[in-house]
Amino acid sequence: MKVLITGAAGFIGSHLTELLVKEGYDVKAFVRYNSKNSWGWLESSLVKNDVEIISGDIRDFDSVSNALKDCKAVFHLAALIGIPYSYVSPKAYIETNITGTYNVLQASKDFELEQVLITSTSETYGSAQYVPIDENHPMVGQSPYSATKIAADHLSISFYRSFNLPVKIVRPFNTYGPRQSARAIIPTIISQIFSGKDSLSIGNLTPTRDLTFVKDTCNGFLEIFKSEKLFGEITNIGMGQEISINDLVTKILKLTESKKSIETDNNRIRPDNSEVERLMCNNSKLIDSTSWKPAYDLDKGLIETIDWLKQNMNNYKPDIYNV
Ligand SMILES: NC(=O)c1ccc[n+]([C@@H]2O[C@H](COP(=O)([O-])OP(=O)(O)OC[C@H]3O[C@@H](n4cnc5c(N)ncnc54)[C@H](O)[C@@H]3O)[C@@H](O)[C@H]2O)c1
C-alpha cells in the first residue's frame, strides 16, 4: 500500500518512515522544499534509497495535492512544534499547522483516501485537570502552538463528520529519542552535559511530563493505523507515568555519571499561564483497542538516546539558546 508521510524528514517522521518501510509499505516521504535539497534525518537513514522523496510545502495546496494523488493513506506529521517560537511567530503556526492540515484533509477528500492519520499532541489538553488524562479531557490552548493543534484536530474531526473522511487523530504525549531537536528538554540536558559545561541551563524544573521513546510512539501510530476502529476519534499514545523535569535532570546526570549544577535560565521559562504544569497519559484506549505494548522503559530509552547523542554532537549547539 502506498502511503504518504508528511514531516518525514523530522524527528518522529524519520523513525516512522523507517518503521513503515520495514513493515513493507510503499512509502512516499514529503519533505520541506529547500535549496540544498536536504532530506533532513532521512539523509543518514538506512532506508533512504527505499523511499520516494517528494519536496514541497505543507502550506501550499498544490504541492500537497500533487504528493497525495497516488497514495491510499497519509500520516500527517508536518508541523511547527516549538512552543517558544510560537510566541514569536504565531501566524507561521496558523499557516503551517492549521492551513497545512486543511490542505491534507481537502486533498485526501479529493482523492478518496482510505485513511488519514492526523498527528495531535498532549499539549492540546493544557495542564492536567485530572490524571491520568484520557481522550475526554477538555482541550485548553495555553500556547499558540497548542491552539493551532486544537484547531487542526477539530477541523479534522469535522471532515470525518461532514464528509465521512476516514480520519483518525493520533495524540502522542512527549516523545524522545535519537534525532530530536535540541530545543526539546532531553536533548537540551544531554547535549549540555556532553559540551563540558560546569552547569546546566534549564527552564522550569517543576512541570511533569509523560515520556515515550520514539520507537514506541511510532509503533503506536502503526497500531492505530492498522485498527479497524478508531475512525473519527482521538487516541492517546503515552506511557501512563510522569516525571518532573528536576527528577529527569537528576536521572540523566546519574546515567551519564556526571556532576553538574543546575541553573535556572529565565529565557527558557514559559509565561505563568502558558506553562503546562502536569501531563500524564491514560493509555487505556490504545492498549484496549490495539496490540500496542511499549518496548522501552525510561532508563532503556534514555540510555539509547544518550549513546546516540554522544556520537552525534555535531548536530547540536548546546552553548546557544535559540527559540
Ligand atoms: N516530539 C514530541 O514530543 C511530540 C509530541 C506530540 C506530538 N508531536 C507532533 O509530532 C509531529 C512531528 O513532530 P517532531 O517532534 O518529529 O518535530 P520535527 O520538527 O522534527 O518534525 C516536523 C517536520 O515538519 C516539517 N515541516 C515544518 N513546516 C513545514 C512546511 N511548511 N512544509 C513541509 N514540512 C514542514 C519539518 O521540516 C519537520 O521535518 C508534529 O505534528 C508534532 O506536533 C510531537
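What counts, and where the lines are drawn
Residues numbered from 1 in each chain as written. Predicted model: local features only at pLDDT ≥ 70, side-chain atom pairs only at ≥ 80, totals over all residues. Heavy atoms only, no water. Near = heavy atom within 4 Å. Polar contact = N/O pair within 3.5 Å; in protein donor to acceptor, adjacent residues only side chain to side chain. Areas by Shrake-Rupley, 256 points an atom, 1.4 Å probe, with all protein chains shown as cover. Helix = DSSP H or I, 4+ residues; strand = E, 2+ residues; numbered from the N terminus. Axes fitted to C-alpha atoms, helices over the stretch in contact; angles between N-to-C directions. Parallel < 35°, antiparallel > 145°, perpendicular 65-115°, else oblique. Left-handed = near helix turned anticlockwise from the far one by under 90°. Contact = heavy atoms within 4.5 Å. Nonpolar A, V, L, I, M, F, W, Y, C, P; charged D, E, K, R; others polar. Phe/Tyr/Trp six-rings, centres within 6.5 Å; stacked < 30°, edge-to-face > 60°. Buried < 20%, exposed > 50% of the residue type's maximum accessible area, 1.4 Å probe, protein only. Lys NZ or Arg CZ within 6 Å of the ring centre and 35° of its normal.

Engineer: Explain the site of the ligand to me, using residue names and the numbers behind them.
Structural biologist: The ligand sits among 25 residues. The nearest are Phe11, Ile12, Tyr145, Lys149 and Thr175. With respect to the ligand, the backbone of Leu77 contributes an N or O atom lying 2.9 Å from an oxygen atom. The side chain of Tyr145 places a nitrogen or oxygen atom 2.7 Å from an oxygen atom of the ligand. In isolation the ligand offers 820 Å² of accessible surface; the protein chains occlude 87% of this area. The set of elements that each furnish at least two residues to the shell around the ligand consists of helix H1 (11-22), strand S2 (26-32) and helix H5 (144-163).

Engineer: A description of the packing of helix H4 (residues 90-110) against H5 should follow, citing residues and the corresponding values.
Structural biologist: Look at H4 against H5: their axes get within 9 Å of each other, and the N-to-C directions meet at 15 degrees. The pairing of H4 with H5 is recorded here as roughly parallel in orientation. Of the two elements, H4 crosses H5, and the hand of that crossing is right-handed. Here Pro90, Tyr93, Ile94, Asn97, Ile98, Thr101, Tyr102, Leu105, Gln106 and Lys109 of H4 lie close against H5, whose contacting residues are Pro144, Tyr145, Thr148, Lys149, Ala151, Ala152, Leu155, Ser156, Phe159 and Phe163. Of the residues that constitute the contact of H4 with H5, the class distribution is 13 nonpolar, 5 polar and 2 charged.

Engineer: Quick one: what's the story with the packing of aromatic side chains, residue by residue and with numbers?
Structural biologist: Scanning the entire structure with this criterion turns up 11 aromatic pairs. Look at Phe159 and Phe163: their rings are 5.0 Å apart centre to centre, the planes differ by 70 degrees, and that puts the pair in the edge-to-face class. With Phe159 and Phe163 both in helix H5, this residue pair falls 4 residues apart, about one helical turn. The exposure class assigned to Phe163 is partly exposed, which follows from its relative accessible area of 43%. Taken together, the ring pairs connect Tyr25, Phe75 and Phe225 into an aromatic cluster. Lying over the aromatic face of Tyr125, Arg171 brings its terminal NZ or CZ to 4.8 Å of the ring centre.

Engineer: Describe the side chain of Asn236, and please don't skip the residues or the numbers.
Structural biologist: Among the structural elements, Asn236 can be located in strand S11 (residues 234-237). On the basis of relative accessibility, which here comes to 0%, the residue Asn236 falls in the buried class. Within the local environment of Asn236, its side chain forms a polar contact with the side chain of Tyr125, the two groups lying 2.7 Å apart. Every residue in contact with Asn236, bar those within four places of it in the chain, is listed here: Tyr125, Ile133, Asp134, Glu135, Arg171, Phe173, Cys281, Asn282 and Leu286.

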